[in-house]
Amino acid sequence: MSTLHTVNKSPFAQQTLTSCINICRAGDALLLIEDGVYGALPSAPTAQALKALVNDRKVHLFALEPDLQARGLNDRISDWVKVVDYSGFVQLSTEHKTVQSWY
Amino acid sequence: MSRKVLFTLRHAPYGSAIAREALDALLATAVFGQDISVLFMDDGVFQLLPEQAPGGLPQKTLSSSLSALPLYDVEKLYVHAPSLEARGLTRDELALDGLVSLSSEDVATLFSEQDHLLSF
């Protein structure tokens, strides 16, 4: 059964996103929230690993729009990151059996 | 009805209250007879170091509290092997007996088997 992973720490400052990337498997979703949305930047140290996660390991990658907007990141994120609003967040949490919070 | 609950402990002890609160939540959940697993990963593996002596801090020794888990029928104890290796630790030197080493792929499988994931 699949898991929704949420990450709320910047990959420029902490290893939280890397830990999550190592545990995600095909069919899971990864949602970047709060400072985690800095992980959607192409300059992030985790950018290549995230791209491989989406393309090769079939993990669905999202970033929360209000958190992107608050930080002025809407037009700066990688094009393989999908954007969701709060109802999208709720939708994702209903589509997966469990939610793992990485913080 | 017993449900499968995984506690993932990813934070070092003493610097914050998270590790202590995880133990409180673990024991409370155990009292309700749930099917509990505990996973130590990332800095959470530092909770398992022997010879913790927080005498100078207003806190109890976490590792001795953790060793009481089997008394509460919490016996599925796991440690993420890459987290140990990254910190120069081996399973044999840890304060808790009966720990099973898991790869990252094993952790993903463990996640997929649970009804609830709790993160501390």
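About the cut-offs
Residues numbered from 1 in each chain as written. Chains lettered and ligands numbered in written order. Predicted model: local features only at pLDDT ≥ 70, side-chain atom pairs only at ≥ 80, totals over all residues. Heavy atoms only, no water. Helix = DSSP H or I, 4+ residues; strand = E, 2+ residues; numbered from the N terminus. Rg over C-alpha atoms; globule rule 2.2 N^0.38 Å. Buried < 20%, exposed > 50% of the residue type's maximum accessible area, 1.4 Å probe, protein only. Patch = residues over 30% accessible without salt bridge, like charges linked within 9 Å, V, L, I, M, F, W, Y side chains within 5 Å. Areas by Shrake-Rupley, 256 points an atom, 1.4 Å probe, with all protein chains shown as cover. Salt bridge = Lys/Arg side-chain N within 4 Å of Asp/Glu carboxyl O. Contact = heavy atoms within 4.5 Å. Buried area = accessible area lost by both parts, 1.4 Å probe. Polar contact = N/O pair within 3.5 Å; in protein donor to acceptor, adjacent residues only side chain to side chain. Nonpolar A, V, L, I, M, F, W, Y, C, P; charged D, E, K, R; others polar. Pairing = 2+ DSSP bridges. Axes fitted to C-alpha atoms, helices over the stretch in contact; angles between N-to-C directions. Phe/Tyr/Trp six-rings, centres within 6.5 Å; stacked < 30°, edge-to-face > 60°.

Visitor: How should I be thinking about the overall build of chain B in this particular structure?
Guide: A count of helices and strands for chain B gives four helices and five strands. For chain B, the succession of helices and strands along the chain, N to C, is β-α-β-α-β-α-β-α-β. For 120 residues, the compact-globule estimate of 2.2 N^0.38 gives 14 Å, and the C-alpha radius of gyration of chain B, at 14 Å, lies within 12% of that figure. Across the 120 residues that make up chain B, the buried fraction comes to 45%.

Visitor: Where do I start with a nonpolar patch on the surface in this structure?
Guide: Together, Val31, Phe32, Leu71 and Tyr72 of chain B give the surface a local cluster of nonpolar side chains, amounting to about 510 Å² of exposed area. Taking the relative accessible area as the measure of exposure, Leu71 of chain B reaches 72% and is therefore exposed.

Visitor: I tried to follow the interface of chain B and chain A on my own but got confused; where do I start?
Guide: How big an interface is tends to be reported as the loss of accessible area on association of its parts. At the interface, 21 residues of chain B touch 15 residues of chain A. Taking both partners together, chain B and chain A bury about 1400 Å²; carbon and sulfur atoms supply 49% of that area. When the buried area of chain B at its contact with chain A is split by residue, Arg10, Phe111 and Leu117 of chain B rank highest and sum to 33% of it. Linking chain B with chain A are two salt bridges. The partner of Glu105 of chain B in a salt bridge is Arg25 of chain A, with the nearest N and O atoms 3.2 Å apart. Our enumeration of links across chain B and chain A arrives at eight residue pairs in polar contact (both at pLDDT 80 or more). The set of elements that each furnish at least two residues to the side of chain B that touches chain A consists of helix 4 (104-112) and strand 5 (116-119) of chain B. Top contributing element to the side of chain B that touches chain A by residue count: helix 4 of chain B, with seven residues. Tallied by class, residues from the side of chain B that touches chain A come to seven nonpolar, nine polar and five charged.

Visitor: Just checking my understanding: could you explain the pattern of salt bridges for this structure?
Guide: Note on pairing: side chains with opposite charge can pair once their charged atoms come close. Residues and elements named next belong to chain A. What the rule picks out here adds up to eight salt bridges over all chains. Between Arg71 and Asp35 there is a salt bridge, and its shortest N-O distance comes to 3.1 Å. In this pair, Arg71 is assigned in the loop between helix 3 (65-70) and strand 4 (82-84) and Asp35 in the loop between strand 2 (29-32) and helix 2 (47-55), connecting sequence segments 36 residues apart. In the salt-bridge network here, residues are joined through shared partners; they are Asp35, Asp67 and Arg71.

Visitor: How should I be thinking about the sheet that holds strand 5 (residues 98-102) of chain A in this particular structure?
Guide: Whether parallel or antiparallel, the strands of a sheet pair through hydrogen bonds between backbone atoms. All names here are of chain A. In spatial order, the strands read 4-3-2-1-5; together these five strands make up an open sheet with parallel pairing. Every other strand in the sheet has two partners, leaving strand 4 and strand 5 as the edge strands with one partner each. Each strand of the sheet is rotated relative to its neighbour by a mean of 30 degrees, with strand direction disregarded. Direction of pairing for strand 3 (residues 60-64) relative to strand 4: parallel, over a ladder of three bridges. Across the sheet, Ala63 pairs through a bridge with Val83, a residue of strand 4.

Visitor: Please clarify how the packing of aromatic side chains should be interpreted in this entry.
Guide: All told, the structure shown has two aromatic pairs over all chains when counted by the stated rule. Between the aromatic rings of Trp102 of chain A and Phe111 of chain B, the centroid separation amounts to 6.2 Å while the plane-to-plane angle is 45 degrees, which identifies the pairing as tilted. With one member in each of two chains, Trp102 of chain A in strand 5 and Phe111 of chain B in helix 4 form a pair that bridges those chains. Residue Trp102 of chain A shares its accessibility class with Phe111 of chain B, and that shared class is buried. An angle of 10 degrees between the planes, with centres 5.9 Å apart, marks the rings of Phe7 of chain B and Phe120 of chain B as stacked. Residue Phe7 of chain B is found in strand 1 (residues 4-9), and its partner Phe120 of chain B is found in the segment after strand 5; the two are separated by 113 residues along the sequence. Here Phe7 of chain B matches Phe120 of chain B in class, with each residue buried.

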